[in-house]
Amino acid sequence: MNHSRLLQLINAYGTNSDRWPEEERLAALQQLAQDSEARQAIVNLKSFDAALDSYVAAPAPHLRNMILGNLRKSWIDSCIEWLMPSFDELLAYFWRPVLAASLPLITGLLLGSSLFTVDIADTWEDEIELIALYDSSSFNE
Amino acid sequence: MTEAELVEQLSSGDEDAYRILLDRHLAPITAYVTRMMASNADTEDIVQETFLRLWTHGTRYNPDTAKLTTWLHNIAHNLCIDHFRKHNRMVQEETADEPDEQEAFVDQLTHFENAKHVEQSLMQLPERQRSAIIMCHYQGMSNRDAAVILETSVEALESLMARGRRKLRKLLETKI
């Protein structure tokens, strides 16, 4: 460590020795103790560093929830979220199992109504035919 | 559990591990991006994208080559640069040195005014000088880690910081 290197450190890393490279810090501090020009440089730059330190970036705590909300969801979570988008967590905690349990029932009803067809009597003649078990071909003759 | 182990858990979709990492790194990454972008409206998008990449590309992180904070800073830095390029806001690197002035800096502003001026002045620096100062001065990053992110040598990084600080000092002096 010499005078020139110490000035380089001060100009690059600033007046706070905590920011100087760790491996050179001790030697730099020893050099500083006997280097009046370097000490004067630190005095001159102190207020500049204080101005830099005054700039504190504002925290953004709301980002945490936004980031967690953006995570890729499993398909089942996506389905449930699609079905109940506005439920808060506590309500969803109770409703999700209920809804999940009722899904097989709903699925069964839908399948049942679409797979099995029932002859429905559309007209009053059809109804009579069905009730009386009358042979319609002889009636037409 | 180490950070490397937590990152490993991410590949199996472990949200608890992700939350721990998010809580550790959100504040410094937000501070870095905020200073790089000067509280630009896109700051939040860049922070979100950085952490989304931790979730989706966490397996690419190699704990043998870098600390997780360096890896995340690297992603955030590249996203900031992409943003500047897209919006033509890149301040080109200067090669000429500023005059070396060592005059006493008079602190006459209130804390808030100072902070505002520092933010504005930082934005007037060439991007690499700004990045170097933010990483080493504000983020407390080691010179080696900052040099890796900026893909340069430690000597070149120190030169960037010295030139950046000189210019910043001149800019701030004109504002008080």
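The structure under discussion appears in the preceding block.
Note that the coordinates shown come from a computational prediction; the quantities given were computed from them, not determined experimentally.

A. The arrangement of the overall build of chain B in detail. Within chain B one finds 8 helices and 0 strands. In chain B, the order of α-helices and β-strands from amino to carboxyl end is α-α-α-α-α-α-α-α. In chain B, which comprises 176 residues, the proportion classed as buried is 49%. Counting contacts in chain B only where the partners sit at least 6 residues apart, residues at least 24 apart contribute 69% of the total. With an accessible surface of roughly 8,400 Å², chain B has 48% of that area assigned to carbon and sulfur atoms.

B. A look at unusual backbone geometry. Residues and elements named next belong to chain B. One non-glycine residue, Glu 151, lies in the positive phi region at around 55°. Tracing the backbone through its elements, the reader meets Glu 151 in the loop between helix H7 (143-149) and helix H8 (154-174). A relative accessible area of 74% means that Glu 151 is categorised as exposed.

C. Spatial organisation of the side chain of Asp35(A). All names here are of chain A. Tracing the backbone shows Asp 35 in the loop between helix H2 (22-33) and helix H3 (36-53). It turns out Asp 35 is buried and unbridged, and the closest side chain with the opposite charge, Arg 39, is 6.6 Å from it. Of the polar contacts made by the side chain of Asp 35, one reaches the side chain of His 3; its length is 2.6 Å. Dropping the residues within four chain positions of it, Asp 35 is found in contact with His 3 and Leu 6.

D. Looking closely at the side chain of Arg35(B). Among the secondary structure elements, Arg35(B) is positioned in helix H2 (residues 15-37). Buried charge without a salt bridge: Arg35(B), with Asp53(A) as the nearest opposite-charge side chain at an N-O distance of 7.7 Å. Dropping the residues within four chain positions of it, Arg35(B) is found in contact with Tyr55(A), Val56(A), Ala57(A), Met123(B), Arg130(B), Ile134(B), Tyr138(B) and Gln139(B).

E. Inspection of a nonpolar patch on the surface at higher detail. Together, Leu103(A), Ile106(A) and Leu110(A) make up an exposed nonpolar region whose accessible area comes to about 260 Å². Positionally, Leu103(A) belongs in helix H6 (residues 89-115).

F. Region of interest: the packing of helix H6 (residues 127-138) of chain B against H8(B). Residue and element names in this part refer to chain B. Look at H6 against H8: their axes get within 8 Å of each other, and the N-to-C directions meet at 100°. The orientation of H6 with respect to H8, classified from their angle, is roughly perpendicular. Contact residues: Arg 128, Gln 129, Ala 132, Ile 133, Cys 136 and His 137 in H6; Leu 157, Leu 160, Met 161, Arg 163, Gly 164, Arg 165 and Leu 168 in H8. Residue classes in the contact of H6 with H8 are distributed as 7 nonpolar, 3 polar and 3 charged.

G. View of the nonpolar core. Tyr18(B), Val33(B), Phe51(B) and Leu54(B) are the most contacted members of the largest nonpolar core, which has 70 residues in total. Among the elements that line this core, the one with the most residues is H2(B), at 10 residues. In this structure, Phe51(B) is in contact with Ile67(A), Tyr18(B), Leu22(B), His25(B), Leu26(B), Ile29(B) and Leu72(B), ignoring residues within four places of it in sequence.

H. Layout of the pattern of salt bridges. Under the defined criterion, the tally for this structure stands at 12 salt bridges over all chains. Glu15(B) is the partner of Arg19(B) in a salt bridge, and the nearest nitrogen-oxygen pair spans 3.5 Å. One end of the pair is Arg19(B) and the other is Glu15(B), both in helix H2 and 4 residues apart, which spans about a single turn. Classification of Arg19(B) by relative accessible area gives partly exposed; the value is 29%. For Lys116(B), the salt bridge identified is with Glu119(B), shortest N-O distance 3.0 Å. Of this pair, Lys116(B) and Glu119(B) are both found in helix H5 (residues 111-123), 3 residues apart, which corresponds to roughly one turn of the helix. A relative accessible area of 10% places Glu119(B) in the buried class. Salt bridges linked by common partners bring Arg5(A), Glu24(A) and Glu158(B) together as one network.

Conventions we followed
- Residues numbered from 1 in each chain as written.
- Chains lettered and ligands numbered in written order.
- Predicted model: local features only at pLDDT ≥ 70, side-chain atom pairs only at ≥ 80, totals over all residues.
- Heavy atoms only, no water.
- Helix = DSSP H or I, 4+ residues; strand = E, 2+ residues; numbered from the N terminus.
- Buried < 20%, exposed > 50% of the residue type's maximum accessible area, 1.4 Å probe, protein only.
- Contact = heavy atoms within 4.5 Å.
- Areas by Shrake-Rupley, 256 points an atom, 1.4 Å probe, with all protein chains shown as cover.
- Lys, Arg positive; Asp, Glu negative; His and termini not counted.
- Salt bridge = Lys/Arg side-chain N within 4 Å of Asp/Glu carboxyl O.
- Polar contact = N/O pair within 3.5 Å; in protein donor to acceptor, adjacent residues only side chain to side chain.
- Patch = residues over 30% accessible without salt bridge, like charges linked within 9 Å, V, L, I, M, F, W, Y side chains within 5 Å.
- Axes fitted to C-alpha atoms, helices over the stretch in contact; angles between N-to-C directions.
- Parallel < 35°, antiparallel > 145°, perpendicular 65-115°, else oblique.
- Nonpolar A, V, L, I, M, F, W, Y, C, P; charged D, E, K, R; others polar.
- Core = buried A, V, L, I, M, F, W, Y, C linked by side-chain atoms within 4.5 Å.

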